[in-house]
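Close look at the chain arrangement
Each chain is listed here by its residues.
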Amino acid sequence: MPELTRRRFLTLSALAGPAGAALSAAAEAEPAVASASRPATGSRIRSQNHNDPDLHLLIDDEEIAHSEGLLRVVNRPKKHGPVLVSDRPWEGERAQAWGSVILEPDGRLRIWYFAFNTERRKDELDRGGYCYAESTDGVHWEKPGLGLVEFRDSKDNNLFYSCHPEAKNLVDEELARRGLGLPALDENGREIGVLNNLDGLTVVRDDDEPNPAKRYKLIANMQDHRMWAPSYPDHYPDVTAAQVAQARRVFGQYMDTSPDGLRWTRRPRRILSAVGDYMMVTRDHRSGRWWLNERASSGRGRNAALRTSTDLVHWSEPEIIFDNEEESGFGRLFEWHGGITPFNYGNLNLGLLEKWPNAGFGATCELVSQREGGKWRRAAPGTPFLDIGPEGAFDRTLIYPTHNAPIRIGETLYIFYTGGGAKIDPKRGIPMSIGLATIGVDRFAGLASWRFAGGTPGRLVTRPITVSHAGLEINVGIPGAHPGAGGCGESRRQRPSRLQLRGLDDSREPGNGLHAGPLEDEARRLGTARSRGFAAVRDPGSGAVQLPVSRTRMRVAQRVGFATPRCWLLTELHRVSSAAALSQRPRLL
């Protein structure tokens, strides 16, 4: 990951009022978003690898020694509407991101996605397929003419893959009825049947691959669609029981390879058998391995399971991470759709857990996290991180992310997702387009204190942490300290907020320390406070505290709380990589 001038180390946030109002205020205070509809993209910082051992987030309680008067709050991303829709004759009426977005070394964003014609009219069996687009800003997407797949006697389209032996565009059902498909190769390279349908399509760039002709990997759940004939007899009147049995034998997770992500061998090779029709692959940079996210057998409906691999070929046995327990009525009220979308972030792993409703509606995603080698946990059970939109929105009924980590552009994370709207045409499925949601870096979740009870502010003490760089940066947002800091104006009754660092030597006895507080008055002017050799620089615009510290183990204590309602606090603690970074003006996120 490129060296950054500053990174967050702890994140606390205190929000006021309904979550929606607080988050609107947060979005207004976020300078990385240029307008209500377009995120800013000018920064040269672009990354899809967020592994950073010096970044600690308060998404779980693992690094908290003591906490009182605080509750965990999820910060929801800001949406920017559909950015990629179905608008070409060969695409059908859906553009759905059961696919991937990759950030290339040259800064381009590339997406591989599904186009889908849910109506399946007999005179339009060549509409829908596997498509490609690219962008420089994540908002405006180009659909280049690739010259790879034939649609109505022309290859001037953005179709990049076809299961037709002659690379003609034809829907899976029609290919299956004709007994056509690509050759299905088993784990040993033997031809075992045909493949005419891809699901859960994932494209990854494998920079560890020594053969440049295999730099890109397409991994998907692949099928001979005749396996579904017993469920849809009207679609397959002439398919025999023997053909169904043969189709079921080739069902599995397959991989194809390409030098550029566009020109594929079209000889997919099976790497795993499959239980369901869902899968995705993401990179575990910290451990030098890959995750394969799928479903596994449990008898309780859809669930989320993980495998791991170092070479994308040999995989561990699946481990069910989230199954349907009592909370879901053992699958009657909702199921876990299968997706976690795991990725490294800071010194832990995060994921977006897909929730599939059976009662009510709204297919949403919760934020989940894992400490290395530990159990995956939901950050705020029952609270969506990616939530559906209001009535009339293109994502009114469903919001599921693409098969990749969020992409950092400047100080903003880009999350691309499939948005599903309300079904309005009885002959078609729900309409789908690809949306974009953005959030400030490291702003997934934190601890909140709005109004303190019994006159006692919220209080947090961390476990001892190791500062491995020559500086530590602490950002404290003070309501009323500057315009836009929470939107609550001057607070006449707010109690002082205090921050304390206590150094620990090898015997864990108290050593060097810094006490910074109260911050309210000093955050309004530039000043310096010194205590036992530590210097704290306070910025009048953000209430930030920057601390040049020695490499040591430290404990952080934070007291937050205000007597007035409608105020909210953002507190972030960062490490910085050099003394030069301390001179840079920080800002409130």
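For the structure itself, consult the block above.
Residues numbered from 1 in each chain as written. Predicted model: local features only at pLDDT ≥ 70, side-chain atom pairs only at ≥ 80, totals over all residues. Heavy atoms only, no water.

**Details of the overall build of the protein**
Cut-off, in case you're wondering: Helix and strand assignments follow DSSP, with helices taken as H or I runs no shorter than four residues and strands as E runs no shorter than two, numbered in order from the N terminus. Working definition: with a 1.4 Å probe on protein chains only, accessible area under 20% of the residue-type maximum means buried, over 50% means exposed, and in between means partly exposed. Pairs of residues are marked as contacts when any of their non-hydrogen atoms sit within 4.5 Å.
Secondary structure summary: the protein contains 3 helices and 39 strands in total. A buried classification covers 60% of the 589 residues belonging to the protein. Sequence separation of at least 24 residues holds for 64% of the intrachain contacts in the protein that already meet a minimum separation of 6.

**Some points on the side chain of S100**
Mapped onto the fold, S100 is located in strand β6 (residues 94-103). Overall, the relative accessible area of 1% leaves S100 in the buried class. Once you skip the residues sitting within four places of it in the chain, S100 turns out to touch R110, I111, W112, L201, T202, V203, H403 and N404.

**Here we look at the sheet that holds strand β7 (residues 109-116)**
Strands pair in a sheet through their backbones, by hydrogen bonds, and they do so in one of two ways: parallel or antiparallel. How we decide: Should DSSP find at least two bridges between two strands, the strands are taken to pair. Note on geometry: axes are C-alpha line fits, over the in-contact stretch for helices, and angles between N-to-C directions span 0 to 180 degrees.
Spatially, the 4 strands line up as an open sheet ordered β6-β7-β8-β9, and their pairing is antiparallel. The open sheet has two edge strands, β6 and β9 (159-161), and neither has a second partner. Going across the sheet, the axis of each strand differs from the next one's by a mean of 35°, ignoring polarity. Two elements, β7 and strand β8 (residues 129-135), share 7 bridges in a ladder whose sense is antiparallel. Counted as the bridge partner of L109 is S135 from β8.

**Observations concerning the layout of surface pockets**
Condition: Definitions used for this entry: grid spacing 1 Å over protein atoms alone; cavity, a set of points where a 1.4 Å probe fits but cannot get out; pocket, an open set with protein on both sides within 12 Å along at least 5 of 7 lines; lining residue, one with an atom within 4 Å of a point. Grid points are joined across faces, edges and corners, and a volume is the space filled by probe spheres set on the points. Under the convention adopted here, Pro, Cys and the residues Ala, Val, Leu, Ile, Met, Phe, Trp and Tyr are nonpolar, Asp, Glu, Lys and Arg are charged, and Gly plus all remaining residues are polar.
In this structure, the largest pocket spans a volume of roughly 1400 Å³. Lining of the largest pocket is provided by 50 residues; of these, F116, R120, D172, D199 and H225 occupy positions nearest its centre. Of all the secondary structure elements, the ones that give two or more residues to the lining of the largest pocket are β6, β7, β8, α2 (172-177) and β12 (197-205). Grouping the amino acids of the lining of the largest pocket by side-chain chemistry returns 19 nonpolar, 16 polar and 15 charged.

**What to know about the pairing of β7**
Counting buried positions along β7 gives 7 out of 8 residues, so the element sits mostly inside the fold. Two elements, β6 and β7, share 7 bridges in a ladder whose sense is antiparallel. Considered in β7, the bridge of L103 is made with L109. Linking β6 to β7, which pair antiparallel, is a turn of 5 residues; within it G107 sits at a positive phi near 95°.

**Observations concerning unusual backbone geometry**
We note that L312 has phi near 70°; this positive angle belongs to a residue other than glycine. Mapped onto the secondary structure, L312 falls in the loop between β18 (304-309) and β19 (319-322). Backbone geometry at D442 places phi at a positive 70°, although glycine is not the residue there. The topology assignment puts D442 in the loop between β28 (432-440) and β29 (445-448).

**Concerning the pairing of strand β14 (residues 252-258)**
β14 sits mainly inside the fold: 7 of its 7 residues count as buried. Where strand β13 (residues 216-223) meets β14, 7 bridges bridge the pair, whose relative direction is antiparallel. Within β14, the residue paired with N221 across the bridge is Q253.

**Topic: the sheet that holds strand β17 (residues 289-294)**
Taking strand neighbours across the sheet as the criterion, the 4 strands line up as β16-β17-β18-β19 in an open arrangement whose pairing is antiparallel. Only two strands of the sheet have a single partner each, and these edge strands are β16 (279-284) and β19. Direction aside, the axes of adjacent strands within the sheet are offset by 30° on average. One ladder, built from 5 bridges, connects β17 with β18; its direction is antiparallel. Considered in β18, the bridge of N293 is made with L306.

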